[in-house]
Amino acid sequence: MRVHVADHPLVTHKLSVLRDHRTPSPVFRQLTEELVTLLAYEATRNVKVSPIEITTPVTKTMGVKISEPRPIVVPILRAGLGMLEGLVKLLPTAEVGFLGMVRDETTFEPTTYAERLPDDLSDRQCFAIDPMLATGGSLAAAIQFLFDRGAKDVTAICLLGTPEGVAAIEALVGDRDVTLVLGALDERLNEKGYIVPGLGDAGDRLYGTV
């Protein structure tokens, strides 16, 4: 598994505003979209492309286009929806699927309650998006779900992660092709399973339910 933690002053600046408890939901949503676009630049570094001949105003030359089958973006509901627009702006030809997952607040174990994905993901590059990699349970279950459907490789994009979450994903994936792209790797989890220092509940802060 490859882990990339962003090292860019714009990412750190925007994350600092997200972390501030005074940041209102509209600003939080806008910054989340901007952050995802920045992280997606790195996450799509190995997206599959095919050569194509084009004609410029001067001459013919070779370029590339996104290969078929197209990549698929999979937000993990509900908070992952807040990241969707930032990724599809950079990768507009991608298809979009959905995974609805909820975490038991006592056991921290995830349950899948909804999905809208192709039955066969063979040879598909999948981009799973979820703001917080805390215990790793939800993202690990989502990654397993995608591989069970035949995905070729999975890239997960998260605003924040923890050492515990990264270890959980690494234990799951084994030698499968997984890339984890994080805006920041935070210190730890607390006893309630929240990221420290973190930014609180991303879903609540995105949609104003507190």
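For the structure itself, look to the data block above.
Parameters and conventions
Residues numbered from 1 in each chain as written. Predicted model: local features only at pLDDT ≥ 70, side-chain atom pairs only at ≥ 80, totals over all residues. Heavy atoms only, no water. Helix = DSSP H or I, 4+ residues; strand = E, 2+ residues; numbered from the N terminus. Buried < 20%, exposed > 50% of the residue type's maximum accessible area, 1.4 Å probe, protein only. Areas by Shrake-Rupley, 256 points an atom, 1.4 Å probe, with all protein chains shown as cover. Lys, Arg positive; Asp, Glu negative; His and termini not counted. Charge placed at Lys NZ, Arg CZ, Asp CG, Glu CD. Expected span 1.5 Å × (residues − 1). Axes fitted to C-alpha atoms, helices over the stretch in contact; angles between N-to-C directions. Parallel < 35°, antiparallel > 145°, perpendicular 65-115°, else oblique. Left-handed = near helix turned anticlockwise from the far one by under 90°. Contact = heavy atoms within 4.5 Å. Nonpolar A, V, L, I, M, F, W, Y, C, P; charged D, E, K, R; others polar. Salt bridge = Lys/Arg side-chain N within 4 Å of Asp/Glu carboxyl O. Pairing = 2+ DSSP bridges. Right-handed = clockwise from strand over helix to strand, strands pointing away.

Peer 1: An account of the overall build of the protein is needed here, citing residue identities and associated values.
Peer 2: When helices and strands are tallied, the protein shows 6 helices and 13 strands. Within the protein, the fraction of its 210 residues that count as buried is 45%. Surface exposure of the protein reaches about 10,600 Å², of which carbon and sulfur atoms provide 54%. Of the charged side chains in the protein, 21 are positive and 28 negative, and the gap between their average positions amounts to 5 Å.

Peer 1: So what about helix α4 (residues 137-148)? Which residues, and what values?
Peer 2: Spanning 12 residues, α4 covers 16 Å between terminal C-alpha atoms, matching the ideal 16 Å at 1.5 Å per step. If you check which residues of α4 are buried, you get Ser-138, Leu-139, Ala-140, Ala-142, Ile-143, Phe-145, Leu-146 and Phe-147. Gly-150 sits one or two residues past α4 and shows a positive phi near 105 degrees.

Peer 1: Summarise the packing of helix α1 (residues 9-19) against helix α2 (residues 25-43); cite the residues concerned and give the values.
Peer 2: Running from N to C, α1 and α2 cross one another at 155 degrees; their axes reach a closest spacing of 10 Å. Regarding the angle of α1 to α2, the classification is roughly antiparallel. In the packing of α1 onto α2, the handedness of the crossing is left-handed. For the pair α1 and α2, contact is made by Leu-10, Val-11, Lys-14, Leu-15, Val-17 and Leu-18 and by Phe-28, Leu-31, Thr-32, Glu-34, Leu-35 and Leu-38, respectively. Counted by class, the contact of α1 with α2 contains 9 nonpolar, 1 polar and 2 charged residues.

Peer 1: Requested: an account of the pattern of salt bridges, with residues and values cited.
Peer 2: Oppositely charged side chains can form a pair if their charged atoms are brought close together. One pass over the full model with this rule turns up 9 salt bridges. Two residues, Glu-34 and Lys-14, come together in a salt bridge whose shortest N-O distance is 2.7 Å. Taken together, the positions of Glu-34 in helix α2 and Lys-14 in helix α1 put the pair 20 residues apart, joining distant regions of the chain. Residue Glu-34 is classed as partly exposed on the basis of its relative accessible area, which comes to 27%. Through salt bridges with shared partners, a single network forms among Arg-70, Glu-95 and Arg-124.

Peer 1: So what about the environment of Gln-30? Which residues, and what values?
Peer 2: Considering the arrangement of structural elements, one finds Gln-30 in helix α2. You can call Gln-30 partly exposed: its relative accessible area is 47%. It is 28 Å that separates the C-alpha atoms of Gln-30 and Leu-146, two residues lying 116 residues apart in sequence.

Peer 1: How would you explain the pairing of strand β10 (residues 153-161) if you had to name every residue and give the values?
Peer 2: Counting buried residues in β10 gives 9 out of 9 residues, a clear majority hidden from the surface. Sheet analysis places strand β8 (residues 125-129) next to β10, joined by 5 bridges and oriented parallel. The residue of β10 that forms the bridge with Ala-128 is Ala-156. By the bridge criterion, 2 bridges tie strand β9 (residues 132-133) to β10 in an arrangement that is parallel. Along β10, the bridge assignment pairs Met-132 with Leu-160. This β-α-β element, β9 to α4 to β10, shows right-handed connectivity. Sheet topology places β10 next to strand β11 (residues 178-185); 7 bridges connect them, and they run parallel. Each residue of the ladder has a partner; that of Gly-161, found in β11, is Leu-185. Taking the sense of rotation as the criterion, the β-α-β connection linking β10, helix α5 (residues 163-173) and β11 turns out right-handed.

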